Amino acid sequence: AQSVAQPEDQVNVAEGNPLTVKCTYSVSGNPYLFWYVQYPNRGLQFLLKYITGDNLVKGSYGFEAEFNKSQTSFHLKKPSALVSDSALYFCAVRDKNTDKLIFGTGTRLQVFP
Amino acid sequence: NAGVTQTPKFQVLKTGQSMTLQCAQDMNHEYMSWYRQDPGMGLRLIHYSVGAGITDQGEVPNGYNVSRSTTEDFPLRLLSAAPSQTSVYFCASSYPTGEGQETQYFGPGTRLLVL
């Protein structure tokens, strides 16, 4: 079965420092991977996706993610965190047979001033 | 475009009551889905639809019914609410094939409390 894991419930980082939110996946074949962000009392918003091509994917709000096939990871990164980046981040993998998105449990990012 | 809209935003039910959560999208998306979000469990797929007249079960379908009579609307019905259905419910939609298929657009959510 296809799945994603987000090993950290919360990540704390100081404003201006780089941030990483971790995601590992387990899929058969080539994965379609996504990151979504959820701000308080809002629905999820798409950040970026990896379908094929370059392993480094750039997305919205200065975020990027690196696809690493050997480590089955798709970590979300940003060179310089902002307080406004504080939110809940979800990694997801798409089941290519059913189009279902399978979500991780989420990681809460807290950026301190 | 209004995108994906959901009503109501918040609802309190008593055990055994029924209700319908409404979801509509104006992007002509074929694919629509319902998720529930619970603390520590991420989002879990309840039901989904690949087009009008076609629905299928997701990961946690028990206690919920759906129908898809039009492309725009995808209501979720709770026939007899239970406290275990207390959750935040999100509706999402996307294109069925080609570029953009994989990106889902989410509604703002419905917070449901079952007493």
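Draft legend 1. Structural context of the overall build of chain A. If you tally the helices and strands in chain A, you get zero helices and 12 strands. Along the chain direction, N to C, the helices and strands of chain A fall in the order β-β-β-β-β-β-β-β-β-β-β-β. Over its C-alpha atoms chain A spans a radius of gyration of 13 Å, differing by no more than 12% from the 13 Å that the globule rule assigns to 113 residues. Dimensions along the principal axes, computed over C-alpha positions, put chain A at roughly 45 × 30 × 20 Å. Of all 113 residues assigned to chain A, the portion counted as buried reaches 48%. When contacts within chain A are restricted to residue pairs at least 6 apart in sequence, long-range pairs at least 24 apart make up 55% of them. Carbon and sulfur atoms make up 47% of the accessible area of chain A, which totals about 5,400 Å². Across chain A, the centroid of the 11 positively charged side chains sits 4 Å from that of the 9 negatively charged ones.

Draft legend 2. Structural detail: the nonpolar core. Residue and element names in this part refer to chain A. With 27 residues, the main nonpolar core has W35, L47, L48, F74, L76 and Y89 as its most contacted residues. Secondary structure elements with two or more residues in this core: β2 (10–14), β3 (19–21), β5 (33–38), β6 (44–50), β8 (64–68), β9 (73–78), β10 (87–94) and β12 (107–112). With four residues, β10 is the largest single contributor of residues to this core. Each residue touching L48, except ones within four places of it in the same chain, is listed here: L33, F34, W35, V57, K58, G59, F63, E64, A65, F74 and L76.

Draft legend 3. Focus on the pairing of β8(A). Residues and elements named next belong to chain A. Note that strand β7 (residues 56–58) and β8 share three bridges and pair antiparallel. Bridge pairing in β8 links L56 to E66. Note that β8 and β9 share five bridges and pair antiparallel. For E64, the partnering residue across the bridge sits in β9 and is K77. The turn linking β8 back onto β9 is made up of four residues, and T72 within it adopts a positive phi angle of 45 degrees.

Draft legend 4. Just the sheet that holds strand β8 (residues 76–78) of chain B, in detail. Residue and element names in this part refer to chain B. With respect to topology, four strands assemble into an open sheet ordered β1-β3-β8-β7, the strand pairing being antiparallel. Either end of the sheet is taken by a strand with one partner, and the two such strands are β1 (4–7) and β7 (64–66). Taken pair by pair, the neighbouring strands of this sheet meet at an average axis angle of 20 degrees, ignoring direction. Direction of pairing for β7 relative to β8: antiparallel, over a ladder of three bridges. Looking at β8, one finds that V66 is bridged to L76.

Draft legend 5. Quick peek at unusual backbone geometry. A cis amide bond links B:T7 to the next residue, B:P8, at an omega of -10 degrees. The residue B:P8 is located in the loop between β1 and β2 (10–13) in this model. The phi torsion at A:T72 lies on the positive side, around 45 degrees, for a residue other than glycine. The backbone of B:N28 shows a phi angle near 60 degrees, a positive value even though the residue is not glycine. In this fold, B:N28 is placed in the loop between β3 (19–25) and β4 (31–38). Residue class for B:N28 comes out exposed when judged on its relative accessible area of 55%.

The rules behind these values
Residues numbered from 1 in each chain as written. Chains lettered and ligands numbered in written order. Predicted model: local features only at pLDDT ≥ 70, side-chain atom pairs only at ≥ 80, totals over all residues. Heavy atoms only, no water. Helix = DSSP H or I, 4+ residues; strand = E, 2+ residues; numbered from the N terminus. Rg over C-alpha atoms; globule rule 2.2 N^0.38 Å. Buried < 20%, exposed > 50% of the residue type's maximum accessible area, 1.4 Å probe, protein only. Contact = heavy atoms within 4.5 Å. Areas by Shrake-Rupley, 256 points an atom, 1.4 Å probe, with all protein chains shown as cover. Lys, Arg positive; Asp, Glu negative; His and termini not counted. Charge placed at Lys NZ, Arg CZ, Asp CG, Glu CD. Core = buried A, V, L, I, M, F, W, Y, C linked by side-chain atoms within 4.5 Å. Pairing = 2+ DSSP bridges. Axes fitted to C-alpha atoms, helices over the stretch in contact; angles between N-to-C directions.

So, to be careful, I would describe these as geometric facts and stop short of saying anything about function.
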